[in-house]
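Now for the letters of each chain:
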Amino acid sequence: MKRLFAVIALFSVAYGSQAGPKGYPAPYVLSQGQELPRSVFVSYRSAAHAFRNDFDSSQYFVGLNGEWSFRFFGSMAEVPGEVGGDGDTLEKLIESWPRVTLPGAWELAGHGGEGSAVFASRAYDFATSAREVRPPFVPDGAVGVYIRKFTVQFDLFDKAHFLHIGAVRAGARVFVNGNEVGFSCRDSKNPVEFDVTKYVNEGRNWVAIVVPRWTPASYLEDWEGWRLGGINRDIFLFAQPKIRMRDYLVQTTLDPSYTNGLLETAMLLKTQLLNPFSVTVYYDLYDPEGKRVNSDFRDVEMGMRLEDTVRFTASIPNVRKWTAEEPNLYTILYRIKREGRFTEYVACRVGFRTVETQGERLLVNGVPVMFKGVNLAEHSVSTGNYVDTTLMRAMLREMKRAGVNAVRTDGYPMPYSFYQLCDELGFYVCDVADINTWGLGTRRSKGGNVTNDPAWREAYLARIEAMYERNKNYPSVVMWSLGDRSGNGYNMYQGYLMLRAKDRTRPIVYNGAGAEWNTDVYCPDYPESTRNESGRPFIPSRTTAGVTDWWTKPGLQGAFLERWNDLSLEAEVPGGKYFLADDYRRVSLADGTVDLPAMERNEALRRIFANVAISQVDNGRGIYRFENRMQFVDLRDFPIEYRLTAGGKVLRSGVFRVSAAPGKAIDAVIPGVGGVNKDRKLVITVGNIACAEF
């Protein structure tokens, strides 16, 4: 039987295949045939559907979540050559294969495959001892192969077609209808997209995806958590007109008075036609109530197989600003007209706000912000590294109820739905590039951490760029982080310079930089002192729940707690669950319990993080003090509800409002609730914001 020798070569070390700076040989091939990173969006045929921004409602969208035929192989050498065959060959090949559901990790029961699930902090899961940690070499480990058919409707056949894989660990090689499309091991926490236009047919089509468990890129993914393989985010096919919007950029800031909005937007157009055509491109800006407040258009001559950028600028008077407390969102609708009819609609939600550093202060809309932050991992106790939008929304809502206003992604970018929800619900996000080499130490000399090895420069820059390009338009992202726990050196210096050239509207941070120049915020892990001698804002990337000075000591701006969610894994795993110690000992975790502190269970911190503190001033007269701990919003914007009960019976209830500016307190009489005691219970809520009773 044939074997996929090309596949073996693909994920092997390929010295000299991609030149690094000054002739340094690159350690491995990042990708081939992969589309450039971009914002995640799909096109629509009408403005109404675009405004809904529901991918399933787009006639250009084909969802591929769900059942796939799957086979787990012990090594790349065992993968049969028929995986790269045509539809008839694949149909015969998968007759006896089990079905699995995507997204999902292959280690988990019901998601196919065999083998163990490993939880690790610093150790690399592909090694059995520190001696085997020799970048870029990895063993020929397990391989998963996913195969399914899909349909392209006849009215879409004249369009351009793209395959989107939301995240895949640790790489992917893609075949469509027996044709090799390309491969990627660029980044397992950002989308992989391929142009499959010339490979798809009208009607039935087949796709096969070969996924190795490890690649040389795995050295950059030493996150703390369960090291699970496979496709764990949405996978879909989408179509666009042959003259299409390849990407867009939005910068929505404020003028020096922080009153008027400054809008800059650019549409990157691309044509896949052989003849030149004229198109007209439009943008319309709508306020949070759906009223159009600005619009413009341009006529563009598109040459043969070319790209062009169309830019618009505008000033929006008295704009409604975005903050975590008031997440006001505007909508931009992009339209492309060709030969008298609109061929493409795309919409995105944006927020007007500024983020800047002034000395030791980080300001949002000119105001120093208190970051009541947590690190959030992409993890569920029941589904491992797959967190769907419903669960993500529930997690963020619970964080909001706990008073959290800031999230640091725990070592890698999150699914695109996370950023949409943070825009909508109101969170300040520190977005972390998928670079973690904690297990290599911090030594900068040859043979130490690859962060200071110029041969790895392109691999580092590709991950930082992928994070930026996908998430650049979300107002919730207020800081970019170059990576996590990876020491410092040449590649991080280059990453800072590249990212600063792309974006001057947000601070760039990095916990591994210490007080070096390539971080705009001093943000170490677990600092021993709250004293700041950096001359920059001081906001720790991680701190423990036991150190509350960050949120209570005057002059500080908060911190990010080490984790929000429980990292235990309840799902069954055929090969068992193990903890991989830093010295590479494997310890059984039979029940999957990882005993690490999680903010979601910490009531003491909820009291500190609360946006409103309620205290009793005079029990007999029913006087209560309401302290507004927010920074932008007056309490008058929130209804206060109260309910006095005794023995399960409601004695009195009502709704009222009080006015207290940010940072101020006010005493208010709640009529008829005097004399509260152990038999008479009073419950007070202030809108939907976090409250603490003292």
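Structural notes, computed from the coordinates.

Thresholds, definitions, all that
Residues numbered from 1 in each chain as written. Predicted model: local features only at pLDDT ≥ 70, side-chain atom pairs only at ≥ 80, totals over all residues. Heavy atoms only, no water. Salt bridge = Lys/Arg side-chain N within 4 Å of Asp/Glu carboxyl O. Helix = DSSP H or I, 4+ residues; strand = E, 2+ residues; numbered from the N terminus. Buried < 20%, exposed > 50% of the residue type's maximum accessible area, 1.4 Å probe, protein only. Pairing = 2+ DSSP bridges. Axes fitted to C-alpha atoms, helices over the stretch in contact; angles between N-to-C directions. Phe/Tyr/Trp six-rings, centres within 6.5 Å; stacked < 30°, edge-to-face > 60°. Lys NZ or Arg CZ within 6 Å of the ring centre and 35° of its normal.

**Observations concerning the pattern of salt bridges**
Part 1: Summed over the entire model, instances satisfying the criterion amount to 49 salt bridges.
Part 2: Between D284 and R335 there is a salt bridge, with the nearest N and O atoms lying 3.0 Å from each other. Of this pair, D284 sits in strand β18 (residues 277-286) while R335 sits in strand β21 (residues 330-338), placing them 51 residues apart in sequence.
Part 3: Under the relative-accessibility criterion, D284 is labelled buried at 2%.
Part 4: Residue R629 is joined to E627 by a salt bridge in which the shortest nitrogen-to-oxygen separation is 4.0 Å.
Part 5: Ionic contacts of the salt-bridge type, sharing partners, join the residues R408, D410, D484, R485, D525 and R542 into one network.

**A word on the sheet that holds strand β15 (residues 235-240)**
Part 1: The four strands lie next to each other as β2-β15-β7-β11, forming an open sheet whose pairing is antiparallel. Sheet topology places β2 (61-63) and β11 (192-195) at the edges, where each strand pairs with a single neighbour. Ignoring strand direction, the axes of neighbouring strands in this sheet form an average angle of 20°.
Part 2: Inspection of the sheet shows strand β7 (residues 160-165) paired to β11 by four bridges, in the antiparallel sense. By the bridge assignment, I165 is partnered in β11 with V192.

**So, the packing of aromatic side chains**
Part 1: Counted under the stated rule, the structure contains 41 aromatic pairs.
Part 2: Three or more aromatic residues link up through ring pairs in this structure, and these residues are F55, F61, F162, F236, F238 and Y416.
Part 3: Sitting over the ring of W223, K189 keeps its end group 5.3 Å from the ring centre.

**Here we look at the sheet that holds strand β40 (residues 691-693)**
Part 1: Across the sheet, four strands lie side by side as β38-β35-β34-β40; this open sheet has mixed pairing. Looking at strand neighbours, the two that pair on one side only are β38 (665-669) and β40, the edges of this open sheet. Recorded for the sheet is a direction-independent mean angle of 25° between the axes of neighbouring strands.
Part 2: Taken together, the six bridges between strand β34 (residues 612-618) and strand β35 (residues 623-628) define a ladder with antiparallel strand orientation. Across the sheet, residue A613 finds its bridge partner in β35, namely E627.

**Here's the deal with the pairing of strand β37 (residues 649-656)**
Part 1: Two elements, strand β36 (residues 640-646) and β37, share seven bridges in a ladder whose sense is antiparallel. When the bridges of β37 are listed, R643 appears paired with S653.
Part 2: The turn joining β36 and β37, which pair antiparallel and follow one another in sequence, is formed by two residues; a positive phi near 60° is taken by G647.

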